[in-house]
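Here are the chains, one letter per residue:
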Amino acid sequence: MHHVPIDDYVLDVLLPDLVGHDKSPSAFLVYLVLWTKLYRSAERSTALSLQQFAELSGLSKSAVQAGIRLLKRRGSIKVTKTSRTAVPQYELIRHWVRRRARSG
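Throughout what follows, the structure given in this document is the object of discussion. Each chain carries its own residue numbering, running from 1 in the written order of its sequence. For this predicted model, a pLDDT threshold of at least 70 governs which residues receive local features, and a threshold of 80 or more governs which side-chain atom pairs are given and counted, while totals over whole chains, interfaces and linings are taken from all residues. Hydrogens and waters are ignored; side-chain quantities use all the structure's heavy atoms.

The next thing to look at is the overall build of the protein. In this text, helices come from DSSP runs of H or I with a minimum length of four residues, and strands from runs of E with a minimum of two, each type numbered from the N-terminal end. For the protein, the helix and strand inventory stands at 4 helices and 3 strands. Ordered by position from N to C terminus, the α and β elements of the protein give α-α-β-α-α-β-β. Each radius of gyration reported is based on C-alpha atoms, and the globular scaling rule is 2.2 Å times the count of residues to the power 0.38. Computed over C-alpha atoms, the radius of gyration of the protein comes to 14 Å, within 12% of the 13 Å expected from 2.2 N^0.38 for 104 residues, which places it in the range of a compact globule. Across the protein, contacts joining residues at least 24 apart in sequence account for 54% of those joining residues at least 6 apart. Computed with the Shrake-Rupley method and a 1.4 Å probe, the accessible areas treat only the protein chains shown as cover for residues. Working note: accessible area of the protein is about 7200 Å², and carbon and sulfur atoms make up 51% of it. Any two residues whose heavy atoms approach within 4.5 Å at even a single point are treated as in contact.

Following both chains from N to C, one finds helix H1 (residues 8-21) and helix H2 (residues 25-41) inclined at 145°, their axes separated by 7 Å at the closest point. In this structure, the crossing between H1 and H2 has a hand that is right-handed. Together, Val10, Leu11, Leu14, Leu15, Leu18 and Val19 of H1 and Pro25, Ala27, Phe28, Tyr31, Leu32 and Trp35 of H2 make up the contact between the two elements. When residues are sorted by character, Ala, Val, Leu, Ile, Met, Phe, Trp, Tyr, Cys and Pro go into the nonpolar class, Asp, Glu, Lys and Arg into the charged class, and all the rest, Gly among them, into the polar class. Looking at the contact of H1 with H2 residue by residue, the class counts come to 12 nonpolar, no polar and no charged. A fitted line through C-alpha atoms represents every axis, and for helices the fit uses only the stretch in contact; the resulting angles, taken between N-to-C directions, go from 0 to 180 degrees. For a crossing to be left-handed, the near helix must be turned anticlockwise from the far one by less than a right angle; the clockwise case is right-handed.

For the rest of this paragraph, the subject is the sheet that holds strand E3 (residues 89-92). Being paired, for any two strands, means DSSP has found at least two bridges between them. Within the open sheet, the 3 strands sit side by side as E1-E3-E2. Their pairing is antiparallel. Sheet topology places strand E1 (46-47) and strand E2 (77-80) at the edges, where each strand pairs with a single neighbour.

Here a Phe, Tyr or Trp ring, Trp counted by its six-membered ring, pairs with any other such ring whose centre lies within 6.5 Å, and the pair is stacked when the planes are under 30 degrees apart, edge-to-face when over 60, and tilted otherwise. Enumeration according to the criterion identifies 3 aromatic pairs in this entry. Measuring from ring centre to ring centre gives 6.2 Å for Tyr31 and Trp35, while their planes differ by 35°; the resulting arrangement is tilted. In this pair, Tyr31 and Trp35 are both assigned in helix H2, 4 residues apart and thus about one turn of the helix distant. Here's how the labels work: a residue is buried when its accessible area is under 20% of the maximum for its type, exposed when over 50%, partly exposed in between, all with a 1.4 Å probe on protein chains only. Taking the relative accessible area as the measure of exposure, Tyr31 reaches 1% and is therefore buried. Given the relative accessible area of 7%, Trp35 is considered buried. Aromatic side chains Phe53 and Tyr90 sit 5.1 Å apart centroid to centroid with 85° between the ring planes, which places their arrangement in the edge-to-face category. Here Phe53 is found in helix H3 (residues 50-57), whereas its partner Tyr90 is found in strand E3, with 37 residues between them in sequence. In this structure, Phe53 and Tyr90 share a single accessibility class: buried.

Dropping the structure here:
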């Protein structure tokens, strides 16, 4: 069995904030799906269709869309598309992690 580490912030702050305050457990599940996909791929972004999100999370496509909208509005994810019909690329914005300054 493989384990996916999750930052304390995600469980201690993001979970109660999204589920309790925003009343959006779907947003938290969408975030966890992205976290898991990105951790396992070791990439900064991943392409997922609404159907793939729905299958991975157990949510309906409309619940996934609502979760994505909330996460975008909160600045927790970045979504980019190369064209109007392209599958979106998703990136997590982990604002609690300070970027290391480059020496040089």
